[in-house]
Amino acid sequence: MERSLGRKAASTLVQPWFAATLVAIGAGYTLGTVDTPPPATQAKLAPPSGFIGGTMKTLDEVEPRTPISERFLDAGADAMFVIDQPGSYYLPADLTVFPGAYGIKITAAPVTVDLMGHSVDGFGQSNDLVFIDALADRVTIKNGTLRRSGERGVDSYGDTVHLEMLEVIESRRSGVSLDIGRAATVRDVSIADAGTASGGDRAGFRVLGPGNVRARDMDITGTGGDGVDASASQALSLIDSYISDAGGVGVDAGDRAIVRSLRIAHTGSHGVRVGADAMVADTHVDNPGGDGIHAGSRSMIEKNRVYVLSSNAAPLGAAVMIVGDDAVVCHNVTRGGGSSFFGYRLNGDRNLLSCNRNYANSGYSYTPDILIVRIITSVAAYNTNNDPDANYDY
């Protein structure tokens, strides 16, 4: 019992204040009482006096833009609106163009014009609805409709041009005409009923100049001339597009052209015509008025389908016609045309014909020095009066 009382007495001697003193001594402090820090105080939550403004910026602050408003023509003026300063512009409402005037004329660089879903209408009597001067560069036109031009929907002489999400309807001349010095890109542009006037310059999409032009997702229907006239260009790339009811050639392109993944139907002349060193691939040509595909030297004609109605077949024409040397024609299917129309006709030397199929026409015709590899055909009517040393079948 004494032991238990002793332990209890000892425990009562160690009071909390004494324990705190011992801790302080162990930490190097002088003997004395330990001050307890005052309790922390909470910061004031009251907002400052006065109005609190927003931090979000307006669209004009992020991207300053200038509205395009309709103007009455001053004496000597030739356009409804002239853009002579670089910047971003937008069309707040539909624009009606006076007879003989341009709709929007651009002479500066760089310039972006957003039509905002509105239309520029020439009522068949205007000049070009969008005119891009040779002084302009890095010009973008997008998101709207160009309707009833007395000349062209877009007529460009700028060095670099981008067209996107445009609809061009009823142009008396070409729907879109690009004379490109350096480069142009065209995407999601539809052109209908272009080239209603007589004479030349009646294509849906017309390309001139030495610049590279890349176009895709185009829809071109009902043209008085060619669907695409790029015969004076040497650097056209056209893919994933639809062309129908052209009065001339569906796609008429020059040297080094690339035509891929097109659907071409009902043309007044050839479905596709390209120059030398060109490629036509994965394209379907239906009912051309001339050759289905007409290509020059060193061209690659691969994985195409050509169907020709007998009533529309050109005499001695061909679903695939090569005029030149060293071309490669492989993995194509041709059909129709009748007895005076050829599936494949090759006029030149050292052309390679490989793994093609032909139905219901005269088959193959070729001149000397053609290289034949694995001919697959349902008919046997093809000319064999060529140099046997130049032909290989394996």
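Look up a bit, the structure's there.
These notes cover the structure that comes with them. Everything quoted here is computed from the prediction, not taken from an experiment.

1. With respect to the side chain of Ser 171
And then number 1: Summarising the element assignment, Ser 171 is placed in the loop between β11 (160-169) and β12 (176-179).
And then number 2: Since its relative accessible area comes to 2%, Ser 171 is described here as buried.
And then number 3: Discounting chain neighbours no more than four positions away, the residues touching Ser 171 are Ser 149, Glu 151, Arg 152, Gly 153, Asp 193, Ala 194, Gly 195 and Thr 196.

2. A look at the pattern of salt bridges
Pairing between side chains becomes possible if they bear opposite charge and their charged atoms approach one another.
And then number 1: On inspection of all chains with the given rule, the structure shows 21 salt bridges.
And then number 2: Among the ionic pairs, Arg 187 bridges to Asp 188, the shortest N-O distance being 4.0 Å.
And then number 3: A salt bridge links Asp 240 to Arg 216; the nearest nitrogen and oxygen atoms lie 2.7 Å apart. Remark: Arg 216 occurs in strand β15 (residues 212-216) and Asp 240 occurs in strand β18 (residues 236-246); sequence separation between them is 24 residues.
And then number 4: With a relative accessible area of 29%, Arg 216 lands in the partly exposed category.
And then number 5: Each of Asp 128, Glu 151, Arg 152, Asp 155, Arg 173, Asp 201 and Arg 206 takes part in one network of salt bridges that share partners.

3. Some details on the environment of Ile 104
And then number 1: Tracing the sequence through the fold places Ile 104 in strand β5 (residues 102-106).
And then number 2: Here the alpha-carbon distance between Ile 104 and Met 80, two residues 24 residues apart in the chain, equals 6.2 Å.
And then number 3: Those residues within four positions of Ile 104 in sequence are excluded, and the remaining contacts are Ile 68, Phe 81, Ile 83, Leu 95, Val 113, Leu 115, Val 120, Leu 129, Val 130 and Phe 131.

4. Regarding the pairing of β12
And then number 1: Relative to β12, strand β10 (residues 154-156) is paired through three bridges, and the arrangement is parallel. Across the sheet, residue Val 154 finds its bridge partner in β12, namely Val 176.

5. Description of unusual backbone geometry
And then number 1: Here the residue pair Ala 109 and Pro 110 is connected by a cis peptide bond, since its omega of -10° sits within 30 degrees of zero.
And then number 2: Within the secondary structure, Pro 110 sits in the loop between β5 and β6 (111-114).
And then number 3: The residue His 266 is not glycine, and still its phi comes out positive at about 60°.
And then number 4: With respect to the helices and strands, the residue His 266 is situated in strand β20 (residues 258-267).
And then number 5: Phi is positive for Cys 355, close to 55°, though the residue is something other than glycine.
And then number 6: Relative to the elements of secondary structure, Cys 355 occurs in the loop between β31 (352-354) and β32 (357-361).
And then number 7: You can call Cys 355 buried: its relative accessible area is 16%.

6. Focus: the packing of aromatic side chains
And then number 1: Overall, the coordinates contain three aromatic pairs when judged by the stated rule.
And then number 2: Seen from their ring centres, Tyr 102 and Phe 131 are 4.7 Å apart, and the 25° between their planes marks the pair as stacked. Separated by 29 residues along the polypeptide, Tyr 102 in strand β5 and Phe 131 in strand β8 (residues 130-132) bring together distant segments of the chain. Residue Tyr 102 shares its accessibility class with Phe 131, and that shared class is buried.

7. Focus on the side chain of Ser 156
And then number 1: Mapped onto the fold, Ser 156 is located in strand β10.
And then number 2: Taking relative accessible area as the criterion, Ser 156 reaches 0% and is therefore assigned buried.
And then number 3: Not counting chain neighbours up to four residues away, the residues in contact with Ser 156 comprise Ile 132, Val 161, Ser 177, Leu 178 and Asp 179.

8. Quick look at the environment of Asn 212
And then number 1: One can find Asn 212 in strand β15.
And then number 2: Note on Asn 212: relative accessible area 47%, which makes it partly exposed.
And then number 3: Considering only alpha carbons, one finds Asn 212 and Thr 160, 52 residues apart in sequence, at a separation of 9.6 Å.
And then number 4: Apart from the residues lying within four places of it in its own chain, the contact partners of Asn 212 are Ile 180, Arg 182, Ala 183, Ala 184 and Ala 235.

9. Observations regarding the pairing of strand β14 (residues 205-208)
And then number 1: Going residue by residue along β14, you find Phe 205 and Val 207 tucked away on one face and Arg 206 and Leu 208 left uncovered on the opposite face.
And then number 2: Pairing of β12 with β14 involves four bridges; the strand directions are parallel. Counterpart to Leu 178 in the pairing with β14 is Val 207.
And then number 3: Judged from the two bridges that link them, β14 and strand β17 (residues 228-230) form a sheet pairing that is parallel. The partner of Phe 205 across the bridge, within β17, is Val 228.

Rules used throughout
- Residues numbered from 1 in each chain as written.
- Predicted model: local features only at pLDDT ≥ 70, side-chain atom pairs only at ≥ 80, totals over all residues.
- Heavy atoms only, no water.
- Helix = DSSP H or I, 4+ residues; strand = E, 2+ residues; numbered from the N terminus.
- Buried < 20%, exposed > 50% of the residue type's maximum accessible area, 1.4 Å probe, protein only.
- Contact = heavy atoms within 4.5 Å.
- Salt bridge = Lys/Arg side-chain N within 4 Å of Asp/Glu carboxyl O.
- Pairing = 2+ DSSP bridges.
- Phe/Tyr/Trp six-rings, centres within 6.5 Å; stacked < 30°, edge-to-face > 60°.

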